[in-house]
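The chain contents come next:
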Amino acid sequence: MMFRSFFATIAAALMLVAASSAQSDKKSAFNKAEMEAYVRHLWVLPATLGVNVGDPKPSTELPGFQDVTIKIIQGQASQEVLLYVSKDGTKILQGNVYDVNFNPFKKDLDRLKTAGQPSLGTPGATVVLVVFSDLQCPHCKIEAQMLRQNLVANYPTQVRLYFYDFPIEQLHPWAKAAAMGGRCVFRQDPGSFWEYHDWVFGHQETITPENLKEIAMIWAKDRKDIDSLQLGQCMDSKATEKEVEAEVEQGKVMKIDGTPTLFVNGRRIQNSIDWPSLKTTIDNEIDYQKVAKNAGEDCGCELKLDVPGLPKTGTSPVKKN
């Protein structure tokens, strides 16, 4: 009996050691080095790309999980990917989380701000489009021309479009300067912004960093609502640079990583879309909002006029709830 007890004790000890060893061999997504190695293999990331694994935070989207943001870096460019990690660090989820009690695009709707941005269409429209665009981007040009030719003509009262500059300076050397010029035009006459928008996209092939201001002033001379000298001074002084930088920051809040990026009542559409596909999306949204009323500018949300002299209570979002 004494020997049996002795061997039983030894066996129990060995089992504990084995269990401890197995536990120590288990990898954890909360170990940053292990997480980096895992996602590099998962996404086939070459060594030339930097990977920064963020600290875990309790997830508001998925209770019981931790949010871990992975930042992929190449020079000055970067992209962030949100992962959901189980509390024990063994399971990783990547994707969207939806709550059936709310609009599926609520998160982006809540973050989209439209006050102070160039717009066209009818205030209080059922469908709100917000486009992040780069004036030197060829794909943005195609989408911009498609929107201008079709949007208001097909939806004179049901759709409103807002424009955000998102110049990608690493690729497009005059995009930011052109964006600042657009804000200069918008300051003088908001309605003339869209003429400038069309003119820049229509002359992408001939515009250079050196001639942008000169030919922009020539364009302005033929516009009754734009003072060309004032435009030139505004562009020279970079008076609107902070406005463009604020637009870019909003783009970063929206996780924009390429242009054009279009939102249709919060639905994200990356890269260019053709008119038939966009029209189908808009028609679907118009029908859906007849019942849902949880997006657009006529969703029952608070809508305030921008009246000079009234106290400002904050930037008006696309929707409130």
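Residues numbered from 1 in each chain as written. Predicted model: local features only at pLDDT ≥ 70, side-chain atom pairs only at ≥ 80, totals over all residues. Heavy atoms only, no water.

**Structural notes on the overall build of the protein chain**
- Along the protein chain, the regular secondary structure elements total 10 helices and 10 strands.
- Split into buried and exposed, the 321 residues of the protein chain put 41% on the buried side.
- Counted over contacts in the protein chain with a minimum sequence separation of 6, partners at least 24 positions apart contribute 65%.
- Accessible surface for the protein chain amounts to roughly 18,400 Å². Of this, 55% is attributable to carbon and sulfur atoms. (Helix = DSSP H or I, 4+ residues; strand = E, 2+ residues; numbered from the N terminus. Buried < 20%, exposed > 50% of the residue type's maximum accessible area, 1.4 Å probe, protein only. Contact = heavy atoms within 4.5 Å. Areas by Shrake-Rupley, 256 points an atom, 1.4 Å probe, with all protein chains shown as cover.)

**Section: the state of the cysteines**
- With the rule as written, the count across this model stands at one disulfide.
- With a sulfur-sulfur separation of 2.0 Å, cysteine 184 is cross-linked through a disulfide to cysteine 234. Between cysteine 184 and cysteine 234, the S-S dihedral sits near -80°, and the bridge is therefore left-handed. Taken as a pair, cysteine 184 in helix α5 (residues 175–188) and cysteine 234 in helix α8 (residues 228–237) lie far apart in primary sequence, 50 residues in all. (Disulfide = S-S within 2.5 Å.)

**Structural notes on the nonpolar core**
- Leu129, Leu278 and Ile282 are the most contacted members of the largest nonpolar core, which has 43 residues in total.
- Residues within four places of leucine 278 in sequence aside, it is in contact with Leu129, Met146, Leu147, Leu262, Val264, Ile269 and Ile273.
- The next biggest cluster of nonpolar side chains, apart from the first, holds 13 residues, and it includes Leu45, Val53, Ile70 and Ile72. (Core = buried A, V, L, I, M, F, W, Y, C linked by side-chain atoms within 4.5 Å.)

**Some thoughts on the pairing of strand β4 (residues 77–86)**
- With 10 bridges connecting them, strand β3 (residues 65–74) and β4 associate as antiparallel partners. Following the sheet pairing, glutamine 66 is matched in β4 by valine 85.
- Counting the residues in the hairpin turn of β3 and β4 gives two residues, including glycine 75, whose phi is positive at 65°.
- Bridge analysis of β4 against strand β5 (residues 92–93) gives two bridges, and the strand direction is antiparallel. (Pairing = 2+ DSSP bridges.)

**Looking at the packing of aromatic side chains**
- Tallying each qualifying case throughout the model produces 10 aromatic pairs.
- With 6.1 Å between their ring centres and 80° between their planes, phenylalanine 163 and tryptophan 194 make a pair best called edge-to-face. Taken together, the positions of phenylalanine 163 in strand β8 (residues 159–165) and tryptophan 194 in helix α6 (residues 193–202) put the pair 31 residues apart, joining distant regions of the chain. Across the pair, tryptophan 194 and phenylalanine 163 agree in class, each one buried.
- Relative to tryptophan 199, the ring of tyrosine 196 lies with its centre 6.0 Å away and its plane at 40°, an arrangement referred to as tilted. Separated by three residues within a single helix, tyrosine 196 and tryptophan 199 lie in helix α6, roughly one turn from each other.
- By relative accessible area, which is 12% here, tryptophan 199 ends up buried.
- Through a chain of ring-to-ring contacts, the aromatic side chains of Phe163, Phe186, Phe193 and Trp194 assemble into a single cluster. (Phe/Tyr/Trp six-rings, centres within 6.5 Å; stacked < 30°, edge-to-face > 60°.)

**Concerning unusual backbone geometry**
- Residue proline 260 is bonded to the preceding threonine 259 through a cis peptide linkage, with omega at -5°.
- Considering the arrangement of structural elements, one finds proline 260 in the loop between α9 (241–253) and β9 (261–264).
- Look at asparagine 271: it is not a glycine, yet its phi comes out positive at around 70°.
- Tracing the backbone through its elements, the reader meets asparagine 271 in the loop between β10 (267–270) and α10 (275–292).
- Accessibility expressed as a relative area gives 51% for asparagine 271, which makes it exposed.
- With a phi angle near 50°, lysine 293 is a residue other than glycine that sits in the positive phi range.
- For lysine 293, a relative accessible area of 51% gives the class exposed.

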